[in-house]
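# Coordinate inspection notes
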Amino acid sequence: MSKIMDSKGDENFPLNQMTKNDEKNSSKKSLTKDILKEPDPATEKLVKEENEKQQKKSIKERLASSRYLSNRRVRGVVITLLALLIIVGLTIVYLILNMTPADDWKGDPVQRMMRTIPMPNGSRNLIRFRRGEPGQSDRQRSNIVSQMEKFVGKYNFNDLVAQQKNVTMCSESKQPSDQEFCFYPIDRVLENCKPKDQFGYSGTPCVFIVLNKILNWLPEAYTQEDMKSNSSELSPEARSRINPGSSKVLITCGGRHNFDKENIGKISYYPSQEIDAYFFNYDGHEDFLEPFIAIKFESLTSHAAIGVECRIWSRNLNSTSIPSPSLPFNILME
């Protein structure tokens, strides 16, 4: 027997040491297997469900954030549009209330014998103003005063003579010659409707009733028979004021309806309610200046739109005449 022996067969080799080493190696192999083995299905399902929950939560949060931002944008757009609409609306209202009517105002589709200065605004033929002392600034009132100053500025006799206009002073005994027109005196108008007092627009406003240029039209006098006739269109006021046989035209103004008549107050006329026939000799001459009167509202009710109707009376005019002898408009004092 050989003396040389395998250590495993050596009787002197410690068996307990071998056993311990084998146990250690076995334990390591078992741990490695535990680590490398596939995960438990139940655990994997729980992990998967948890991941899905986290993903859904993340998606919901992103959607909520997106909807919030979208709602904010929508609200912002809506608010911006509303603000623009309000600004545009206020601008339109401001322009309407403060527009300066043109001298060739076309708001009234009816051809008429007369017109007003200042020109009314809009389809309601409205003269609207805020009362105030002459020193107080107000755009509406300034526009009205500017129109009236521009209109009366043409009626300066010395200036017209200096400009070699064909103008002359007329009277019952002095009629205009061919190519001449009568100068219409406005001293009494301006004495009672003074430019320095803003033509009364501090509370007793004046409105000029201007006779338009009607080619070759001359007034015709009423007769005694006209005054007695029941078929005549003459109003009670006109009947009481017209002088039969007189070629002067009469102008009357008053409230249109009961409410207007109750709130219009007293009306004064300057220089008078009548205009002489020789002021109507319009033959197309460019220098011709229209005759006019001023009506002054002495006690106009404020904060009420009052309907006014003026009428020119002549035997050769009636309610169906063209141009119309009536002139309706509204006035509102705030």
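For the structure given in this document, a descriptive report is provided here. (Residues numbered from 1 in each chain as written. Predicted model: local features only at pLDDT ≥ 70, side-chain atom pairs only at ≥ 80, totals over all residues. Heavy atoms only, no water.)

### Some remarks on the sheet that holds strand S2 (residues 126-129)
To summarise the sheet geometry, strands pair through backbone hydrogen bonds and adopt either a parallel or an antiparallel arrangement. Here is the rule we go by: DSSP bridges decide pairing: two strands pair if at least two such bridges lie between them. Each helix is a run of H or I in the DSSP string that is no shorter than four residues. Each strand is a run of E no shorter than two, and both are numbered from the N terminus.
Taken together, 5 strands build an open sheet; the order of strands is S2-S11-S10-S6-S8 and the sheet is mixed. At either margin of the open sheet sits one strand with a lone partner, and together these are S2 and strand S8 (274-275). With 4 bridges joining them, S2 and strand S11 (residues 326-333) adopt parallel strand pairing. Paired with arginine 128 across the strands is leucine 332, a residue of S11.

### A short note on the pattern of salt bridges
How we decide: In the sections that follow, a salt bridge refers to a side-chain nitrogen of Lys or Arg positioned within 4 Å of a carboxyl oxygen of Asp or Glu. Buried means the residue's accessible area, taken with a 1.4 Å probe over protein chains only, is under 20% of the maximum for its type, while exposed means over 50%, and partly exposed covers the values in between.
As enumerated under the stated definition, the model contains 10 salt bridges in all. Put simply, lysine 165 and aspartate 287 hold a salt bridge, and the shortest N to O gap is 3.4 Å. Here aspartate 287 lies in the loop between S8 and strand S9 (292-297) and lysine 165 lies in the loop between helix H4 (157-162) and strand S3 (167-168), a separation of 122 residues in the sequence. Measuring nitrogen to oxygen at the nearest pair gives 3.1 Å for the salt bridge that ties glutamate 220 to arginine 315. Remark: arginine 315 occurs in the loop between strand S10 (306-313) and S11 and glutamate 220 occurs in the loop between strand S5 (206-211) and helix H6 (224-228); sequence separation between them is 95 residues. The exposure class assigned to arginine 315 is partly exposed, which follows from its relative accessible area of 39%. In this structure, a network of salt bridges that share partners links the residues Arg128, Arg130 and Glu334.

### Observations concerning the pairing of S9
For S9, the buried fraction is high: 6 of the 6 residues fall into the buried class. Burial along S9 is two-sided: the residues Phe292, Ala294 and Lys296 and Ile293, Ile295 and Phe297 are all buried. Relative to S9, strand S7 (residues 267-270) runs antiparallel, the two being bridged by 4 bridges. Following the sheet pairing, serine 268 is matched in S9 by lysine 296.

### Section: the nonpolar core
The line we're drawing: Buried Ala, Val, Leu, Ile, Met, Phe, Trp, Tyr and Cys residues that are joined via side-chain atoms within 4.5 Å together make up what is termed a nonpolar core. The contact definition used throughout considers only heavy atoms, calling two residues in contact when any of these lie within 4.5 Å.
Formed by 62 residues in total, the largest nonpolar core has its most connected members in Phe208, Ile209, Ile295, Phe297 and Phe329. Apart from the residues lying within four places of it in its own chain, the contact partners of isoleucine 209 are Met114, Arg115, Thr116, Ile251, Pro291, Phe292, Ile293, Ile295, Cys310, Leu327 and Phe329. Counting 7 residues, the second-largest nonpolar core is a separate cluster that includes Tyr222, Met227, Leu234 and Ala238.

### Focus: a nonpolar patch on the surface
To keep it simple, the criterion reads: Residues form patches when they are more than 30% accessible in relative terms and have no salt bridge. Like charges link within 9 Å. Nonpolar side chains (Val, Leu, Ile, Met, Phe, Trp, Tyr) link within 5 Å. Throughout, the Shrake-Rupley method with a 1.4 Å probe supplies accessible areas, and for residues the shown protein chains are the sole cover considered.
Together, Val77, Leu81, Leu84 and Ile87 make up an exposed nonpolar region whose accessible area comes to about 380 Å². Looking at where isoleucine 87 falls in the secondary structure, it is placed in helix H2 (residues 41-98).

### What to know about the state of the cysteines
Worth spelling out the cut-off: Cysteine sulfur atoms are paired as a disulfide whenever they come within 2.5 Å of each other.
On inspection of all chains with the given rule, the structure shows 3 disulfides. Between the sulfur atoms of cysteine 193 and its disulfide mate cysteine 206 the distance is 2.0 Å. Judged by the sign of its S-S torsion, about -80 degrees, the cystine formed by cysteine 193 and cysteine 206 is left-handed. Here cysteine 193 is found in the loop between helix H5 (187-192) and S5, whereas its partner cysteine 206 is found in strand S5, with 13 residues between them in sequence. A single burial state applies to cysteine 193 and to cysteine 206, both of which are buried. Here the bonded cysteines of the protein are numbered in sequence order, and their pairing is 1-2, 3-4, 5-6.

### Brief notes about helix H3 (residues 139-152)
Counted only if it meets this: One less than the residue count of a helix, multiplied by 1.5 Å, gives the span that helix is expected to have.
With 14 residues, H3 extends 20 Å between its outermost C-alpha atoms, agreeing within 8% with the 20 Å of an ideal straight helix rising 1.5 Å per residue. Turning to H3, its buried residues number three or more, namely Gln140, Arg141, Asn143, Ile144, Val145, Gln147, Met148, Phe151 and Val152.

### Describing the packing of aromatic side chains
Using the following cut-off: Working definition: a ring pair exists when centres of Phe, Tyr or Trp rings (six-membered ring for Trp) sit within 6.5 Å. Plane angles under 30 degrees give stacked, over 60 give edge-to-face, the rest tilted. Only when the NZ of Lys or the CZ of Arg is both within 6 Å of the ring centre and within 35 degrees of the ring normal is a charge said to sit over the ring.
Inspection of the entire model under this criterion finds 14 aromatic pairs. Measuring from ring centre to ring centre gives 5.0 Å for tyrosine 184 and phenylalanine 279, while their planes differ by 80 degrees; the resulting arrangement is edge-to-face. Of this pair, tyrosine 184 sits in the loop between strand S4 (181-182) and H5 while phenylalanine 279 sits in the loop between S8 and S9, placing them 95 residues apart in sequence. With respect to class, tyrosine 184 is no different from phenylalanine 279; both count as buried. The interplanar angle of 45 degrees and the centroid separation of 4.8 Å between the aromatic rings of tyrosine 278 and phenylalanine 279 together place this pair among those described as tilted. Site record: aromatic cluster; members linked through ring pairs are Phe151, Tyr155, Tyr184, Phe199, Phe208, Tyr278, Phe279 and Phe292. Against the face of tryptophan 313 rests arginine 311, its NZ or CZ located 4.1 Å from the ring centre.

### Brief notes about the environment of methionine 113
One can find methionine 113 in the loop between H2 and strand S1 (114-117). Looking at methionine 113, the relative accessible area reads 2%, which means it is buried. If sequence neighbours within four positions are ignored, methionine 113 has contacts with Val210, Leu211, Asn212, Ile214, Trp217, Ile312, Leu317, Pro323, Ser324 and Pro325.

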